Each structure stands twice: as C-alpha cells, then as structure tokens.
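Each chain, written out:
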Amino acid sequence: MTEVKFYDTIEDELLEFAVILSKNQDKYVFCKHRERDTWETPGGHREDGEDINETAKRELYEETGALEFSLEPVCVYSVTAHDKPGAEESFGMLYFARITRFEGELHREIEQIIITDEMPKKWTYPDIQPKLMEEAMRRGYL
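Residues numbered from 1 in each chain as written. Predicted model: local features only at pLDDT ≥ 70, side-chain atom pairs only at ≥ 80, totals over all residues. Heavy atoms only, no water.

### Re the nonpolar core
Here comes step 1: In terms of nonpolar packing, the biggest core is built from 17 residues, with L94 and L132 touching the most fellow members.
Here comes step 2: Elements with a minimum of two residues in this core: β2 (15-24), β3 (27-33), β5 (66-81), β6 (90-102) and α2 (129-138).
Here comes step 3: Here this core gets four residues from one element, more than from any other, and that element is β5.
Here comes step 4: When sequence neighbours within four positions are dropped, the list of residues in contact with L94 reads V19, L21, P73, V74, C75, Y77 and L132.
Here comes step 5: Residues I52, A56, F91 and M93 belong to the second largest nonpolar core, which totals 14 residues. (Core = buried A, V, L, I, M, F, W, Y, C linked by side-chain atoms within 4.5 Å. Buried < 20%, exposed > 50% of the residue type's maximum accessible area, 1.4 Å probe, protein only. Helix = DSSP H or I, 4+ residues; strand = E, 2+ residues; numbered from the N terminus. Contact = heavy atoms within 4.5 Å.)

Written out as structure tokens, the structure is:
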C-alpha cells in the first residue's frame, strides 16, 4: 500500500522531488516517457544543490517543452510505500503551472505530451498521481 500525505511546509532539505500539475488553455498537460505506455504529470528528482523551485522549472521544461509559464507552489506531499521493506517517507513539492508557450519539439526521455480535458486511464503512478490531482483541486488550483 502506498500512502500519500499533504503538508503546508517542511524543511527544505527534505524535499527530494518536484511534481508540476499543468494546464494549457484550461486543459491538462500530461507526458509519456518513451520507455512506458502510461501517462504522468511532469516532475522529477531534485539535483544536488538545486533549489526546489529550479527543479520544478527544469522538469517542466524537460518533460513538456514549456517555454513560457507561471508556476506556483501548491503544497508539500509525502509518499510512503508500505509494501516495500524499510519503507521511509519521502517528500516532494507539488506545483501548479499555466503553460502559455511550448517549444516545437520534445527532448530527453519524453516521447509525447497530450493536452486534454480528461484524466489519463493509464497512470504511471496510479497510487500517487490521482491523489496529487485531488489535493490540488481541493485547494482550488485545478
């Protein structure tokens, strides 16, 4: 079982991930990694010495090609995978972005993005991503 919790703040050094829930013209933006057949929200690991806000900007660009966007923090989230031995709580920052301009082509590991009114049927992280979306909706971001 995977447990997802939400917090307003946490010590900065505990933040390992940034996940960015994104919209373009009031439609959701999701991406597909070239080695998977599932959809996900842009996001990823924080690099050593990187500010978590810079992580969010970098990941949003790398995974969607977003060139112009507004970005705001929603909340801190944590994930604990209780079904794995030695599971520990890991923390990330959840963001919301409104993307107004994309680069013409995608780079790196992302094969495709979609801009849609609907949630994906096949999530990459089905125990996590829908809960992040629900929390952002609850807080008035989506």
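### Comments concerning the layout of surface pockets
Here comes step 1: Computed from the structure, the largest pocket encloses a volume of approximately 450 Å³.
Here comes step 2: Forming the boundary of the largest pocket are 20 residues, of which F17, V19, G44, Y77 and Y125 lie nearest the centre.
Here comes step 3: Elements with a minimum of two residues in the lining of the largest pocket: β2, β4 (43-45), β5 and α2.
Here comes step 4: Per element, the largest residue contribution to the lining of the largest pocket is three residues, and it comes from β4.
Here comes step 5: Lining the second largest pocket, in full, are T2, V79, T80, A81, D83, K84, A87, E88, S90 and I128. (1 Å grid on protein atoms, 1.4 Å probe; cavity = no way out; pocket = protein on both sides within 12 Å on 5 of 7 lines; lining within 4 Å. Points joined across faces, edges and corners; volume = space filled by probe spheres on them.)

### Here's the deal with the side chain of Q129
Here comes step 1: Inspection of the secondary structure assignment puts Q129 in helix α2.
Here comes step 2: In this structure Q129 comes out as buried when scored by relative accessible area, which is 3%.
Here comes step 3: Those residues in contact with Q129, other than ones at most four positions away along the chain, are W39, E40, T41, W123 and T124.

### Quick word on helix α1 (residues 52-64)
Here comes step 1: Helix length check: α1 (13 residues) gives 18 Å between terminal C-alpha atoms against 18 Å at 1.5 Å per residue, within 8%.
Here comes step 2: Every buried residue of α1 is accounted for by I52, T55, A56, R58, E59, L60, E62, E63 and T64.
Here comes step 3: Buried residues along α1 sit in contact with β2, β3, β4, β5, β6 and β7 (110-116).
Here comes step 4: Regarding α1, its N-cap is D51, as a side-chain oxygen of that residue lies 2.9 Å from the backbone nitrogen of N53 further along.
Here comes step 5: Once α1 finishes, G65 follows within two positions and takes phi at roughly 80°, a positive value. (Expected span 1.5 Å × (residues − 1). Polar contact = N/O pair within 3.5 Å; in protein donor to acceptor, adjacent residues only side chain to side chain.)

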